[in-house]
Amino acid sequence: MITPRQNDILNLIIDMFTQTHEPIGSKALQTAIDSSSATIRNEMAKLEKLGFLEKAHTSSGRLPSKAGFQYFVQNSLALDSIDEQDVYQVIKAFDYEAFRLEDIFATASQLLADLTGYTSVILDVEPKHQRLTNFELVQLSNHDALAVMMLDDSKPVTVQFAIPKNFLSKDLETLKNLVNERFLGKAVLDIHYKLLTEVPQVIHKYFTITDNILDLFDYIFQGLFRETILISGKVNALTYADLPTYQFLDNEAKVAMEMRSSLSEKEPTTIQVADSREPALANLTVIRHQFLIPYRGFALLSVIGPVEMDYRRMISLINVVSRVLALKLADYYRYLSGNHYEVN
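Residues numbered from 1 in each chain as written. Predicted model: local features only at pLDDT ≥ 70, side-chain atom pairs only at ≥ 80, totals over all residues. Heavy atoms only, no water.

A.B. asks: Sorry if this is basic, but what is going on with the overall build of the chain here?
C.D. replies: From N to C terminus, the chain includes 13 helices and ten strands. Against the globule reference of 20 Å for 344 residues, the chain gives a C-alpha radius of gyration of 26 Å, more extended than a compact globule. For the chain, the C-alpha atoms occupy an extent of roughly 90 × 35 × 35 Å along the three principal directions. Across the 344 residues in the chain, those meeting the buried criterion constitute 50%. Sequence-distant contacts, at least 24 apart, represent 62% of the contacts inside the chain between residues at least 6 apart. As presented, the chain carries roughly 17,400 Å² of accessible surface, and 49% of it is formed by carbon and sulfur atoms. (Helix = DSSP H or I, 4+ residues; strand = E, 2+ residues; numbered from the N terminus. Rg over C-alpha atoms; globule rule 2.2 N^0.38 Å. Buried < 20%, exposed > 50% of the residue type's maximum accessible area, 1.4 Å probe, protein only. Contact = heavy atoms within 4.5 Å. Areas by Shrake-Rupley, 256 points an atom, 1.4 Å probe, with all protein chains shown as cover.)

A.B. asks: What am I meant to see in the packing of helix α8 (residues 199-206) against helix α9 (residues 213-221) here?
C.D. replies: Angle between the axes and distance between the axes are the two parameters that describe a pair of packed helices. Close contact between α8 and α9 brings their axes to 10 Å; oriented N to C, the two are set at 115°. Crossing angle aside, the handedness with which α8 passes α9 is right-handed. Facing α8, whose interface residues are V199, P200 and I203, α9 presents I213, L214 and F217. (Axes fitted to C-alpha atoms, helices over the stretch in contact; angles between N-to-C directions. Left-handed = near helix turned anticlockwise from the far one by under 90°.)

A.B. asks: Even after reading the chapter, I still don't get the pairing of strand β4 (residues 132-139), so can you show me in this structure?
C.D. replies: Both faces of the sheet carry side chains from a regular strand, because those side chains alternate between them. Here seven bridges tie β4 to strand β5 (residues 144-151), and the two strands are oriented antiparallel to one another. Bridge pairing in β5 places E136 opposite V148. (Pairing = 2+ DSSP bridges.)

A.B. asks: Quick question: what am I supposed to make of the sheet that holds β4 here?
C.D. replies: Hydrogen bonds along the backbone pair up the strands of a sheet, which may run parallel or antiparallel. Judged by pairing direction, the sheet is antiparallel, and its three strands sit side by side in the order β4-β5-β6 without closing on themselves. Taken across any chain shown, the strands that pair with only one partner, and hence form the sheet edges, are β4 and β6 (155-162). Between one strand axis and the next, the sheet turns by 15° as a mean value, whatever way the strands run. The sheet contacts of helix α6 (residues 171-182) involve β4, β5 and β6, and relative to β4 the element is tilted by about 180°.

A.B. asks: Sorry if this is basic, but what is going on with the nonpolar core here?
C.D. replies: One broad trend across soluble globular proteins is that nonpolar side chains are buried collectively. Within the largest apolar cluster, 73 residues are counted, with the highest numbers of intra-cluster contacts made by M259, F291, I304 and Y311. In terms of residues, this core owes the most to one element, helix α13 (residues 311-336), which gives twelve residues. Counting contributing residues per domain, this core is built from domain 1 (4-76) and domain 2 (86-126 + 227-337), each supplying no fewer than three. Ignoring anything within four residues of it in the chain, the contact list for M259 reads V121, L123, L281, V286, R288, L300, S302 and I304. Core analysis: the second largest hydrophobic core is formed by 29 residues, V188, F217, I220 and L224 among them. (Core = buried A, V, L, I, M, F, W, Y, C linked by side-chain atoms within 4.5 Å. Domains from an automatic or database assignment.)

A.B. asks: How do you make sense of the UniProt feature "domain: Heat-inducible transcription repressor HrcA C-terminal" (unreviewed entry) in the chain when you look at a structure like this?
C.D. replies: UniProt records the feature "domain: Heat-inducible transcription repressor HrcA C-terminal" (unreviewed entry) at residues 102-315, using the numbering of this structure. Counting secondary structure, residues 102-315 comes out at 37% helix and 27% strand; the distance between its end C-alpha atoms is 23 Å. (UniProt positions renumbered as here; feature names shortened; annotations may be inferred.)

A.B. asks: Looking at this model, I keep getting lost on the packing of aromatic side chains. Mind explaining?
C.D. replies: Two measures describe an aromatic ring pair: the distance that separates the ring centres and the angle between the ring planes. According to the stated counting rule, one finds ten aromatic pairs in the structure shown. Between F183 and F217, the aromatic rings sit 6.3 Å apart at their centres with planes inclined by 80°, giving edge-to-face as the arrangement. Here F217 lies in helix α9 and F183 lies in the loop between α6 and α7 (188-197), a separation of 34 residues in the sequence. We classify F183 as buried; its relative accessible area is 0%. Three or more aromatic residues link up through ring pairs in this structure, and these residues are F135, F183, F217 and F221. We note K328 situated over the ring of Y96; from NZ or CZ to the ring centre the distance is 4.6 Å. (Phe/Tyr/Trp six-rings, centres within 6.5 Å; stacked < 30°, edge-to-face > 60°. Lys NZ or Arg CZ within 6 Å of the ring centre and 35° of its normal.)

A.B. asks: Would you mind showing me how to read helix α2 (residues 37-49) here?
C.D. replies: In an α-helix there are 3.6 residues to a turn, and that puts residues three or four apart on one side. Under the 1.5 Å per step criterion, the end-to-end length of α2 is 18 Å for 13 residues, consistent within 8% with the ideal 18 Å. For α2, the full list of buried residues reads S37, I40, E43, M44 and L47. The arc that holds the buried residues of α2, viewed along the axis, is 125°, so those residues lie on one side. Backbone geometry just downstream of α2 places G51 in the positive-phi region, at approximately 95°. (Expected span 1.5 Å × (residues − 1). Arc of directions from axis to C-beta.)

A.B. asks: Honestly, the environment of M309 in this entry has me stumped. Any pointers?
C.D. replies: One can find M309 in the loop between β10 (297-306) and α13. Each C-alpha atom, one on M309 and one on T197, is 49 Å from the other, the two residues being 112 residues apart in sequence. When residues no more than four places from it in sequence are discounted, the contact partners of M309 are T18, F69, Y118, T285, I287 and M314.

A.B. asks: Explain a nonpolar patch on the surface to me, please; I cannot follow it from the model alone.
C.D. replies: A contiguous nonpolar patch, built from V235, L238 and L243 and spanning about 280 Å² of accessible area, is present on the exposed surface. If you trace the backbone, L238 turns up in helix α10 (residues 237-240). L238 gets classed as partly exposed once you look at its relative accessible area, which sits at 45%. (Patch = residues over 30% accessible without salt bridge, like charges linked within 9 Å, V, L, I, M, F, W, Y side chains within 5 Å. Salt bridge = Lys/Arg side-chain N within 4 Å of Asp/Glu carboxyl O.)

A.B. asks: Would you mind showing me how to read the pattern of salt bridges here?
C.D. replies: A side chain of one charge can pair with a side chain of the opposite charge if their charged atoms are brought near each other. Following the criterion strictly, the structure yields 17 salt bridges and no others. When the shortest N-O distance is used, the salt bridge between K128 and E126 registers 3.9 Å. A relative accessible area of 40% means that K128 is categorised as partly exposed. One salt bridge in this structure joins E181 and R182, with 3.9 Å as the shortest N-O distance. On the accessibility criterion, E181 (52% relative accessible area) is exposed. The network of salt bridges with common partners includes E181, R182, K194 and E198.

Shown next, in the form of structure tokens:
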């Protein structure tokens, strides 16, 4: 659509604008573009006619348009780039011993929000894709017990609960047997369906007194069906967007659904520039990056910010954080292999 020289000019204007947020004139480009000022002005006028640049009202300079940023992202942005200056700062932030998966995610999310000044979102592996691979019950006293579950042989989930007053001495063992018989090896989505349809029909076969049994099942397993989502930098949205965006970020379920939309299995990184169907994000940029959690599947790291962000800087930070995060998660799972449980 545009000539190589026009592409170079557009890239340079975007690089300079994202650093200064000032209109860029032809003279500022002469040191990098081997052409006269008049030729550069002519090319800038053509780019403006194509809709990739906008003329500033207060000077003779030009600004990148939304279409210009979209073209740059689609045709010039290297999605695997890393700035070595980011590496040390990220590694330093992860230099601690982690005992909970959510703590690692929280570190990554907050770090990205702090370094970018925008909003970051991290989603764990989608619940419906996980399987229950182990279930144990530990009686803590006459009044309470601990359910210890393992998802995908790698993610521990623990729930402490009060033992129902009508429970007989054998009922905890019966509960464990029922779960292992009907839930073990099943996907979380299947377990959710069984709790609604199958379990209410069969509990009388397992328990003499069935009062409160369904409520107990709901309490023990409800955490398996919720997204693990970490959102950092919500307040930052008020600097690059408006109140509806901030309110949207306050709805975790809606954020999770939107972040998972428009994902591509073939492309680990996707960038939407003012192209979201969600009204709160329609005039913003959303960068999504899928990263592998050992043994479990793909999680999602996203950054939400203004269209005029420094894309090269964002991609570098996302790549560095996701790679260091993968190393930290590998250490975490080595720790879990020693049969340590994560207690909420």
